[in-house]
Amino acid sequence: MEIPADYGVVLVTTANKQEAETIANALVEAQLAACVSLLPIHSIYAWQGEIYKEYEWQLLIKTDLALFSTLEAKIRELHSYEVSEIIALPIVAGSQAYLQWISQQVKP
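Named according to an unreviewed UniProt entry, the protein chain is Divalent-cation tolerance protein CutA originating from Nodularia spumigena UHCC 0039. We quote the UniProt Sequence similarities (unreviewed entry) comment for the protein chain here in full: "Belongs to the CutA family."

So, about the nonpolar core. Ranked by size, the top nonpolar core spans 25 residues in total, and within it L27, I61 and I75 carry the most contacts. Mapped by element, the contributors of at least two residues to this core are β1 (7–14), α1 (17–29), β3 (50–64), α2 (68–78) and α3 (96–105). With residues up to four places along the chain from it excluded, the contact list for I75 reads V12, I23, L27, I61 and I86.

Taken together, the side chains of Y45, W47 and V83 define a hydrophobic patch exposed on the protein surface, amounting to about 260 Å² of accessible area. With respect to the helices and strands, the residue Y45 is situated in strand β2 (residues 35–47).

Following the criterion strictly, the structure yields two aromatic pairs and no others. Ring centres 5.4 Å apart and planes at 40° place the aromatic pair Y98 and W101 in the tilted group. On the criterion of helical spacing, the pair formed by Y98 and W101 is a turn pair, its members being three residues apart in helix α3.

This part takes up the pairing of β2. Note: β2 against β3, 13 bridges, orientation antiparallel. What sits directly across from I44, in β3, is K53.

Considering all chains together, one arrives at two salt bridges under this definition. Measuring nitrogen to oxygen at the nearest pair gives 3.0 Å for the salt bridge that ties R76 to E72. Taken as a pair, R76 and E72 lie in helix α2 at a separation of four residues, close to a single helical turn. Taking relative accessible area as the criterion, E72 reaches 21% and is therefore assigned partly exposed. With a closest N to O distance of 3.5 Å, E77 and K74 form a salt bridge. In this pair, E77 and K74 are both assigned in helix α2, three residues apart and thus about one turn of the helix distant. Residue classification places K74 among the partly exposed residues on the basis of a relative accessible area of 24%.

Taken together, the eight bridges between β1 and β3 define a ladder with antiparallel strand orientation. The residue of β3 that forms the bridge with G8 is T63.

Axis separation between α1 and α2 bottoms out at 10 Å; the angle between their running directions is 145°. Considering the relative orientation of α1 and α2, their crossing is right-handed. Touching E19, T22, I23, A26 and L27 of α1 are L71, K74, I75 and L78, all from α2.

Each value, and the rule that gives it
In this convention, every chain numbers its residues from 1, walking through the sequence in written order. Local features in a predicted model are, by the rule used here, given only for residues with pLDDT of at least 70; side-chain atom pairs are given and counted only at 80 or more, and totals for whole chains, interfaces and linings are based on all residues. Only heavy atoms go into the side-chain values, all of them from the structure, while hydrogens and water stay out. UniProt positions are given in the numbering used here, feature names are shortened, and annotations may be inferred rather than shown by experiment. Buried Ala, Val, Leu, Ile, Met, Phe, Trp, Tyr and Cys residues that are joined via side-chain atoms within 4.5 Å together make up what is termed a nonpolar core. Relative accessibility under 20% of the residue-type maximum defines a buried residue, over 50% an exposed one, and the middle range a partly exposed one, all with a 1.4 Å probe and only protein chains included. Counting from the N terminus, the helices are DSSP H or I runs at least four residues long and the strands are E runs at least two residues long. Any two residues whose heavy atoms approach within 4.5 Å are treated as being in contact. To count toward a patch, a residue needs a relative accessible area over 30% and no salt bridge; like charges are then connected within 9 Å, while nonpolar side chains (Val, Leu, Ile, Met, Phe, Trp, Tyr) are connected within 5 Å. Only the protein chains shown count as cover for residues, with accessible areas throughout obtained via the Shrake-Rupley method and a probe of 1.4 Å. Between Lys or Arg on one side and Asp or Glu on the other, a salt bridge is scored when a side-chain nitrogen of the former is within 4 Å of a carboxyl oxygen of the latter. Each Phe, Tyr or Trp ring, with Trp reduced to its six-membered ring, pairs with another whose centre is within 6.5 Å; inter-plane angles below 30 degrees give stacked pairs, above 60 give edge-to-face pairs, and intermediate values give tilted ones. Strand pairing is assigned whenever DSSP identifies at least 2 bridges connecting the two strands. For helices, the axis comes from a line fit to the C-alpha atoms of the stretch in contact; other axes are also lines fit to C-alpha atoms, and the angle between any two N-to-C directions lies between 0 and 180 degrees. Definitions for this section: a left-handed crossing has its near helix turned counterclockwise from the far helix by less than a right angle. A right-handed crossing has that turn clockwise.

Below, the structure written as structure tokens:
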């Protein structure tokens, strides 16, 4: 099955569950995402010369990557981090029914 290059998953981490839910709700309500899954994670990262170990929330945002600029702007508007993780990964394979559902939920 040929997958349109537009579908993808955008990864975003947040400091807490409330912020994750706020961003997820805003993206789905604005039809910038079909679905956002939230997962608690433990991150180890370098920031300004220090190593940090923090509990964060990972957002898995299913969307049409043609809307990435608008989606990114909405995330930045709501996000508390100085430098937010906002990384887009293309979907290279998926069930036709699920991909069609994404296209019905996400609107330019």
